[in-house]
Amino acid sequence: IYSSKMDKKKFIEVPNYNQDMLKTQIKRNNKTAFLIFIIYFGIISILGLSYLAYDWFDRKFIYLIFFTLNFSDYFCIILWCPFQNLFLKNSCCNTCRIGNWDRLMKFSILIFVPNFYTISIFVLAIIIFIYWEFQHFKNPQIFYRISNKNLWCINCDVQKCSKIDKNVNKKE
């Protein structure tokens, strides 16, 4: 659900949802997402520029960073996500504001090793990121469980999420 929630056909509107609460949640999540973007890509830029500036920072370190980021992505999905638990305070991946940023976060470091493949994969990651953000800007209600029944735990298709109390949605 979480990676396809931007499709309008996956949207099941909650009748009479609290639009003020939704606006507050959107504003808070946008600020946090912007902060995550600045910090994360600031670190990636520092690492990439270090690679370009210093001889000791070899290409193998860029690939090692890429493999670490790739492993971290799967670790976040399967075991524990610091973005979910520490920053965005989501109940699960289905309600994550930055749920489809993973490709850009993984592949951005590869832009510092330019070749056809790294540039291609980076461009595709940017396209997916822009599409996600455009959909969030255009239809924010489809991204939040307060307004989208499809994101309620009872409809969840993630095994680890099914352990969450099914009454959590009654509060929202």
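Residues numbered from 1 in each chain as written. Predicted model: local features only at pLDDT ≥ 70, side-chain atom pairs only at ≥ 80, totals over all residues. Heavy atoms only, no water.

A. Up close: the nonpolar core. If you look at the biggest cluster of nonpolar residues, it comprises 38 residues, and the most contacted ones within it are Ile36, Ile98, Trp101, Met105 and Ile109. Those elements giving two or more residues to this core turn out to be helix 1 (19-53), helix 2 (59-78), helix 3 (82-88), helix 4 (102-107) and helix 5 (116-138). Of the residues forming this core, the biggest block, 8 residues, is contributed by helix 1. Setting aside residues no more than four positions away along its own chain, Met105 makes contact with Ile36, Tyr40, Phe41, Leu69 and Phe83. (Core = buried A, V, L, I, M, F, W, Y, C linked by side-chain atoms within 4.5 Å. Buried < 20%, exposed > 50% of the residue type's maximum accessible area, 1.4 Å probe, protein only. Helix = DSSP H or I, 4+ residues; strand = E, 2+ residues; numbered from the N terminus. Contact = heavy atoms within 4.5 Å.)

B. Quick peek at the pattern of salt bridges. The tally for this structure, following the rule as stated, stands at 3 salt bridges. Between Lys106 and Asp73 there is a salt bridge, and its shortest N-O distance comes to 3.3 Å. Taken together, the residues Lys106 in helix 4 and Asp73 in helix 2 connect sequence positions 33 residues apart. Of the two residues, Lys106 and Asp73, both sit in the buried class. (Salt bridge = Lys/Arg side-chain N within 4 Å of Asp/Glu carboxyl O.)

C. Spotlight on helix 5. Between its first and last C-alpha atoms helix 5 spans 32 Å; for 23 residues at 1.5 Å apiece the expected length is 33 Å, and the two agree. Looking at the packing, one finds that the buried side of helix 5 touches helix 1 and helix 4. Between the side-chain oxygen of the N-cap and the backbone nitrogen of Tyr117 there are 2.8 Å, and the N-cap of helix 5 in question is Asn115. (Expected span 1.5 Å × (residues − 1). Polar contact = N/O pair within 3.5 Å; in protein donor to acceptor, adjacent residues only side chain to side chain.)

D. Representation of the confidence of the model for the chain in the model. Chain-level pLDDT for the chain is 88 on average; 89% of the residues reach the 70-or-more range. Here residues 165-172 is a poorly scored stretch, pLDDT under 50, and it has 10 contacts once near neighbours within four places are set aside; other chains count. (pLDDT = per-residue confidence, 0-100.)

E. Region of interest: the layout of surface pockets. A volume near 340 Å³ is recorded for the largest pocket. Looking at the largest pocket, it is lined by 20 residues, and the ones nearest its centre are Asp73, Cys76, Cys81, Phe83 and Asp102. Elements represented by at least two residues in the lining of the largest pocket include exactly helix 2, helix 3 and helix 4. Broken down by element, the lining of the largest pocket gets its largest block of residues, 5 residues, from helix 2. (1 Å grid on protein atoms, 1.4 Å probe; cavity = no way out; pocket = protein on both sides within 12 Å on 5 of 7 lines; lining within 4 Å. Points joined across faces, edges and corners; volume = space filled by probe spheres on them.)

F. Layout of helix 1. In a regular helix each residue adds 1.5 Å, so 35 residues correspond to 51 Å; helix 1 covers 49 Å between its end C-alpha atoms and thus fits that length. Every buried residue of helix 1 is accounted for by Leu22, Ile26, Asn29, Thr32, Ala33, Ile36, Tyr40, Phe41, Ile44, Gly48, Ser50 and Tyr51. The elements touched by buried residues of helix 1 are helix 2, helix 3, helix 4 and helix 5. Here helix 1 starts with a cap whose side-chain oxygen sits 3.1 Å from the backbone nitrogen of Asp20, and that cap is Asn18.

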